[in-house]
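Given next are the chains, with one letter for each unit.
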Amino acid sequence: MATSHHFEPIGPRDSSQTPRYAGAANFALLPTLDEVGHADIAVAGVPFDTGVSYRPGARFGPSHVRESSRLLRPYNPAQDISPFAVAQVADAGDIVANPFNLDEAVAQVADGARELLERADRLVCIGGDHTIAYPLLKVMAEKHGPVAVLHADAHLDTWDTYFGAPVTHGTPFRRASEEGFIDLTACAHLGTRGPLYGKHDLDDDEKLGFQITGSVYIEEHGIAAAIERLRARLGDRPVYISIDVDVMDPAHAPGTGTPEAGGMTSRELLRVIRALSDLNIVGADVVEVAPAYDHAQLTGIAASHVVYELISSMSMSLR
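None of the values given here were measured: they were computed from a predicted structure.

## Observations regarding the UniProt feature "binding site: Mn(2+)" (unreviewed entry) in the protein chain
Logical step 1: UniProt records the feature "binding site: Mn(2+)" (unreviewed entry) at H130, D153, H155, D157, D244 and D246, using the numbering of this structure. For the residues just named, distributed over 117 residues, the greatest C-alpha separation is only 12.2 Å, placing them together at one site. As for the largest pocket, its lining draws on D153, H155, D157, D244 and D246 from among the annotated residues.
Logical step 2: According to the relative accessible area criterion, H155 is buried, its value standing at 12%.
Logical step 3: Each residue touching H155, except ones within four places of it in the same chain, is listed here: T192, D246, T258 and E260.
Logical step 4: Here D157 is to be found in the loop between β4 (147-152) and α6 (172-178).
Logical step 5: A relative accessible area of 4% places D157 in the buried class.
Logical step 6: Discounting residues that sit within four places of it in the chain, D157 has contacts with H130, H151, H169, G170, T171, P172, F173 and R174.
Logical step 7: There is a polar contact of 3.1 Å between the side chain of D157 and the side chain of H130.

## Description of the sheet that holds strand β6 (residues 210-213)
Each strand in a sheet pairs with its neighbour through backbone hydrogen bonds, running either in the same direction (parallel) or in the opposite one (antiparallel).
Logical step 1: One open sheet accounts for eight strands, arranged β2-β1-β3-β8-β7-β4-β5-β6; its pairing is parallel. Of all strands in the sheet, those with a lone pairing partner are β2 (89-94) and β6, marking the two edges. If you compare each strand with its neighbour and ignore which way they point, the axes differ by 20 degrees on average.
Logical step 2: The strands that helix α4 (residues 102-116) touches are β1 (39-46), β2 and β3 (120-127); relative to β3, the one it contacts most, it runs at about 145 degrees.
Logical step 3: In the packing of helix α5 (residues 133-144) onto the sheet, the strands contacted are β3, β4, β5 (182-190), β7 (239-244) and β8 (281-287), and the crossing angle to β8 comes to about 175 degrees.

## So, the side chain of H130
Logical step 1: As for its position among the elements, H130 is in the loop between β3 and α5.
Logical step 2: Residue H130 is classed as buried on the basis of its relative accessible area, which comes to 0%.
Logical step 3: Reaching out from H130, the side chain makes a polar contact with the side chain of S242 at a distance of 2.6 Å.
Logical step 4: Setting aside chain neighbours within four positions, we find H130 in contact with H151, D153, D157, H169, P172, F173, S242, D244, D285, V287 and E288.

## Side note on the packing of helix α10 (residues 266-274) against helix α11 (residues 298-315)
Logical step 1: Two numbers describe how α10 lies on α11: the axes approach to 9 Å, and their chain directions differ by 15 degrees. Regarding the angle of α10 to α11, the classification is roughly parallel. The crossing of α10 and α11 is right-handed. Contact residues: α10 offers L269, L270, I273 and R274, while α11 offers H305, V306, E309, L310 and S313.
Logical step 2: Per-class residue counts for the contact of α10 with α11 are five nonpolar, two polar and two charged.

## A few points about the packing of aromatic side chains
Logical step 1: Summed over the entire model, instances satisfying the criterion amount to four aromatic pairs.
Logical step 2: For the cation-ring pair, R55 lies above Y293, with the distance from its terminal atom to the ring centre recorded as 4.1 Å.
Logical step 3: Just above the ring of Y217 sits the side chain of R229; from NZ or CZ to the centre is 5.1 Å.

## Here's the deal with the pattern of salt bridges
Logical step 1: As enumerated under the stated definition, the model contains 13 salt bridges in all.
Logical step 2: One salt bridge connects D204 with R174, and the closest N-O pair in it is separated by 3.4 Å. With D204 in helix α7 (residues 200-207) and R174 in helix α6, the pair connects residues that are 30 residues apart, well separated along the chain.
Logical step 3: For D204, a relative accessible area of 29% translates into the label partly exposed.
Logical step 4: A salt bridge links D183 to R237; its shortest N-O distance comes to 2.9 Å. Within this pair, whereas D183 is found in strand β5, its partner R237 is found in the loop between α9 (223-234) and β7, the two being separated by 54 residues in sequence.

## Points about the packing of α4 against α5
Logical step 1: Contact geometry of α4 with α5 gives a least axis separation of 8 Å together with a crossing angle of 40 degrees. Classified by the interaxial angle, the pair formed by α4 and α5 is oblique. Judged by the sense of rotation from one axis to the other, the crossing of α4 with α5 is right-handed. Together, V106, V109, A110, A113 and R114 of α4 and Y134, P135, L136, K138, V139 and E142 of α5 make up the contact between the two elements.
Logical step 2: Taken together, the residues that form the contact of α4 with α5 break down as eight nonpolar, no polar and three charged.

## Overview of the environment of A165
Logical step 1: Inspection of the secondary structure assignment puts A165 in the loop between β4 and α6.
Logical step 2: For A165 and K207, which are 42 residues apart along the polypeptide, the C-alpha to C-alpha distance reads 21 Å.

## Some thoughts on the environment of A85
Logical step 1: For A85, the location among the structural elements is in helix α3 (residues 83-86).
Logical step 2: Residue classification places A85 among the partly exposed positions, given a relative accessible area of 42%.
Logical step 3: A85 sits 23 residues away from Q108 along the chain, and the two C-alpha atoms are 32 Å apart.
Logical step 4: Setting aside residues up to four positions removed in sequence, A85 forms contacts with E8 and P9.

Thresholds applied
Residues numbered from 1 in each chain as written. Predicted model: local features only at pLDDT ≥ 70, side-chain atom pairs only at ≥ 80, totals over all residues. Heavy atoms only, no water. UniProt positions renumbered as here; feature names shortened; annotations may be inferred. 1 Å grid on protein atoms, 1.4 Å probe; cavity = no way out; pocket = protein on both sides within 12 Å on 5 of 7 lines; lining within 4 Å. Buried < 20%, exposed > 50% of the residue type's maximum accessible area, 1.4 Å probe, protein only. Contact = heavy atoms within 4.5 Å. Helix = DSSP H or I, 4+ residues; strand = E, 2+ residues; numbered from the N terminus. Polar contact = N/O pair within 3.5 Å; in protein donor to acceptor, adjacent residues only side chain to side chain. Pairing = 2+ DSSP bridges. Axes fitted to C-alpha atoms, helices over the stretch in contact; angles between N-to-C directions. Parallel < 35°, antiparallel > 145°, perpendicular 65-115°, else oblique. Left-handed = near helix turned anticlockwise from the far one by under 90°. Nonpolar A, V, L, I, M, F, W, Y, C, P; charged D, E, K, R; others polar. Phe/Tyr/Trp six-rings, centres within 6.5 Å; stacked < 30°, edge-to-face > 60°. Lys NZ or Arg CZ within 6 Å of the ring centre and 35° of its normal. Salt bridge = Lys/Arg side-chain N within 4 Å of Asp/Glu carboxyl O.

This is the structure in structure tokens:
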């Protein structure tokens, strides 16, 4: 597939001229969307965490992940691609969402994503809490029809309400399923684990269109088997990838709002993303980075590499 531009992409800032630790902390030192005009892939922050049910702080996730991404380099040997050379990738700044009105914030995220998709072909959002997946899936469905979803998370996020509120970071995929944004035959959870409220949670989840490839499955069958199971489920449909960093074990991602023991390693998660590079990945989000609980940038660095691999996988179809 040809790129959408007819010129050499503008790449990251040259770290041999300006040290990586200096200058603006755009994601991976990339140019801004305003500087390039149009992008194949735009990276946008969504600094919003009004939907959290436990630890707050993910509103600071986008800036933390950007700061943690300074050491990313242009060539990705794992996928044998220089994503910023084959695709125009740009940092689109932040989508501003009202921190005091959740319903208004959800509408603002959807409007912001629509506007960015007029200037970019694909969008990768850095959260923020997982509530943002609901409006982002709405916009993806408007553009592509019901999408296949790979949801990497410690939790199902298909619960109904919290304190009577239907839209929170624990409900986005139930709302998306009910409203027809997702393909009920092609959605999958990855890395889910930990206690639930009851067995009915699993029954509801299946009815809402999800197949579970949890941490126990990965432990028993291995990551290669998990990848094949996911690929069979997602098929050849437009795919949206939504990654909560708590899918990783707290040893790899301590800076998050609802940590659960027994999670994936960062290496396993990156391997899954790489294995999906031949699919039609139309959008993605990486959410729930809460820097107040991070140390030594462990979570921020892991999240920045996840975003980098998503960009690399999206770029494979453009070279």
